[in-house]
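# Descriptive analysis of the structure
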Amino acid sequence: MDMVNYGIIGCGMMAREHIQNINLLPHGRVSVVFDPVLEMAQNCAVLAGKGGAGPEAVVAGSLDDLLAHPELDAIVIVSPNYLHAAQLHEIVAKRPLPILCEKPLYTDPEDAAKLDALFEGYPHPVWVAMEYRYMPPVAALIEQAEQATGGISMLTVREHRFPFLPKIGDWNRFNENTGGTLVEKCCHFFDLMRLILKAEPVRVMASAGQAMNHLEETYDGRTPDIWDNGYVIVDFENGTRAMLELCMFAEGSRYQEEISAVGPKGKIECLVPGPGRFWPAQLGPAPVPQVIISPRAPQGPITMDIPVDPALLDAGDHNGSTFYQHQRFNAVVRGQGEVEVTLADGAKAVAIGLAAQESARTGQAVTVQ
Ligand SMILES: NC(=O)C1=CN([C@@H]2O[C@H](COP(=O)(O)OP(=O)(O)OC[C@H]3O[C@@H](n4cnc5c(N)ncnc54)[C@H](OP(=O)(O)O)[C@@H]3O)[C@@H](O)[C@H]2O)C=CC1
Ligand SMILES: O=C1CO[C@H](CO)[C@@H](O)[C@@H]1O
């Protein structure tokens, strides 16, 4: 297959990032889009046409119409979190094809076993969109961590960022729609923990809550219940431990994510900026990602800039990672390479997030199966 025709389900903010990155692929084009709001779908159809450089996508009138579209080789699910599981069932039943599904894979704990059963023996690749692993500074940390640390003992992920953005329909203001902040936002970081530590979690302890964000807002008489800060500690089966620190009222920070890994030889860190479009112009150029290696002996931190290709920065909010994710998924659909972020990875990241939600709610440590 030389050209992969994509169908996009959901045409909001993140769909635009997917389309802009598919537009950069030599072997990809968006052929059909669907959103319940026609104007959103039409805007994405135009974006798929690259300002006249390619054909605009067809606007499907329903999910069924999208799944019946003749030119369709792969499907990207970019709808709100609580819809992912049901839409996966629809695709498998009506038009089994390769799927790239946005995180979180599911929000209701009961969906875990149902999805396992649904995809048993599924003949097409399914990839879960936890792309932070492809951010160039994160990828550099992953590649150099063993050498720099001599084997990681402790891993810390700090995310200090802006509050949740407004969404059409305000679906992201309530835990019932997102799975809870530690699922919705933090599944990316639990995925990184498993990947970097090369181990499975056994126990989760968390303290988290809603300190200030969205408390002044009301939707149909209800105040949002999503958390905006927390700490999560995860014990891993190989004796390593990881911690997440999340603060969502810290958009004044120079860097959005700071990840550090420490072992007997030393420490490696990466510093990752947030979306460039949020960096105030009066402060000059947006911060450049960095990796810092700090040996124990001889002491002397070594700092390296890890710049991201400006064309990729322009195509999204995630330091180029959406492009690298699509490049790999596109190759897999064309029969080259393997799925790197599997359904099992997506499910485990949600399971850790749900355990963290439960731990913070009850004040008890929660065992992860
Ligand atoms: N991997 C990453 O880094 C990121 C992932 N995401 C994920 O992407 C997904 C979308 O988020 P985002 O784009 O920010 O949210 P938006 O609200 O901006 O977009 C979601 C879109 O899906 C549409 N939608 C609602 N119901 C359906 C339906 N039944 N079928 C198809 N589309 C529907 C919404 O339309 P309407 O409300 O008008 O009905 C809306 O246009 C989420 O799962 C989110 O977690 C988001 C940001 C970053
Ligand atoms: O998964 C995500 C990653 O980045 C987004 C912001 O750019 C988040 O809000 C989103 O939920």
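Bear in mind the structure is a predicted one, so any value in this text is a computation, not a measurement. (Residues numbered from 1 in each chain as written. Chains lettered and ligands numbered in written order. Predicted model: local features only at pLDDT ≥ 70, side-chain atom pairs only at ≥ 80, totals over all residues. Heavy atoms only, no water.)

### Quick notes on the packing of aromatic side chains
This structure, assessed with the given rule, holds six aromatic pairs. Taken together, a centroid distance of 5.0 Å and an interplanar angle of 90° make the contact between Phe119 and Tyr122 edge-to-face. Tyr122 carries the same exposure label as Phe119, and that label is buried. Here the aromatic rings of Phe323 and Tyr324 are separated by 5.6 Å at their centres, their planes lie at 75°, and the arrangement is edge-to-face. Judged by its relative accessible area of 11%, Phe323 is buried. A relative accessible area of 24% means that Tyr324 is categorised as partly exposed. Above the ring of Phe162, the side-chain terminus of Arg161 is found at 4.0 Å from the ring centroid. Taking NZ or CZ as reference, Arg222 lies 4.2 Å from the ring centre of Phe174, over its face. (Phe/Tyr/Trp six-rings, centres within 6.5 Å; stacked < 30°, edge-to-face > 60°. Buried < 20%, exposed > 50% of the residue type's maximum accessible area, 1.4 Å probe, protein only. Lys NZ or Arg CZ within 6 Å of the ring centre and 35° of its normal.)

### So, the nonpolar core
Among the nonpolar cores identified, the biggest contains 63 residues, and Tyr6, Ile8, Val30, Val33, Leu88, Ile99 and Phe119 are the most heavily contacted of them. Among the elements that take part in this core, helix α2 (residues 38-48) stands out by supplying six residues, more than any other. Counting the residues that make up this core, at least three belong to each of domain 1 (4-131) and domain 2 (132-312 + 341-367). The next biggest cluster of nonpolar side chains, apart from the first, holds 45 residues, and it includes Tyr132, Phe164, Leu192 and Met193. (Core = buried A, V, L, I, M, F, W, Y, C linked by side-chain atoms within 4.5 Å. Helix = DSSP H or I, 4+ residues; strand = E, 2+ residues; numbered from the N terminus. Domains from an automatic or database assignment.)

### Comments concerning the site of ligand 2
Every residue near ligand 2 is listed here: Lys103, Tyr132, Arg161, Phe162, Glu184, Lys185, His188 and His318. Glu184 is positioned such that a nitrogen or oxygen atom in its side chain is 2.3 Å from an oxygen atom of ligand 2. Relative to its free-state accessible area of 290 Å², ligand 2 is covered by the protein chains to the extent of 86%. Put simply, ligand 2 lies in the largest pocket. (Near = heavy atom within 4 Å. Polar contact = N/O pair within 3.5 Å; in protein donor to acceptor, adjacent residues only side chain to side chain. Areas by Shrake-Rupley, 256 points an atom, 1.4 Å probe, with all protein chains shown as cover. 1 Å grid on protein atoms, 1.4 Å probe; cavity = no way out; pocket = protein on both sides within 12 Å on 5 of 7 lines; lining within 4 Å. Sits in = over half its atoms within 2 Å of the grid points.)

### Quick word on the environment of Gly274
Relative to the elements of secondary structure, Gly274 occurs in the loop between β12 (266-272) and β13 (290-295). Between the C-alpha atom of Gly274 and that of Pro287, which follows or precedes it by 13 residues, the distance is 8.9 Å.

### Some details on the sheet that holds strand β15 (residues 366-367)
The mixed open sheet is built from nine strands, whose spatial order is β14-β13-β12-β11-β7-β10-β9-β8-β15. Both edges of this open sheet fall to β14 (302-305) and β15, since each of them pairs with a single strand only. Inspection of the sheet shows strand β11 (residues 257-262) paired to β12 by six bridges, in the antiparallel sense. The residue bridging Val262 from the neighbouring strand is Lys267, located in β12. Against the sheet, helix α12 (residues 343-362) makes contact with β8 (201-209), β9 (229-236) and β15, and its axis sits at roughly 50° relative to β8, the strand it touches most. (Pairing = 2+ DSSP bridges. Contact = heavy atoms within 4.5 Å. Axes fitted to C-alpha atoms, helices over the stretch in contact; angles between N-to-C directions.)

### Side note on the domain arrangement of the chain
Under the domain assignment, the chain is made up of domain 1 (4-131) and domain 2 (132-312 + 341-367). Measuring from the centre of the C-alpha atoms in domain 1 to the corresponding centre in domain 2 gives 26 Å. Contacts between the two partners involve 19 residues from domain 1, matched on the other side by 30 residues from domain 2. When the buried surface of domain 1 facing domain 2 is broken down by residue, Tyr106, Met130 and Glu131 rank first, second and third, together holding 31% of it. One can count one salt bridge joining domain 1 with domain 2. For Glu184, the salt bridge is made with Lys103, and the minimal N-O distance between the two is 3.2 Å. Element by element, the count of residues in the side of domain 1 that touches domain 2 is highest for strand β6 (residues 126-129), at four residues. (Buried area = accessible area lost by both parts, 1.4 Å probe. Salt bridge = Lys/Arg side-chain N within 4 Å of Asp/Glu carboxyl O.)

### A word on the site of ligand 1
Neighbouring ligand 1 are 28 residues; Asp35, Asn81, Glu131, Lys167 and Trp171 lie closest to it. Here Met13 contributes a backbone N or O atom positioned 2.9 Å from an oxygen atom of ligand 1. Out of a free accessible area of 890 Å², ligand 1 has 89% covered by protein chains. When atom positions are compared with the pocket grids, ligand 1 is found to occupy the largest pocket. Within the residue set of the shell around ligand 1, elements represented by two or more residues are α1 (13-22) and α4 (84-94). Per-class residue counts for the shell around ligand 1 are 14 nonpolar, eight polar and six charged. (Nonpolar A, V, L, I, M, F, W, Y, C, P; charged D, E, K, R; others polar.)

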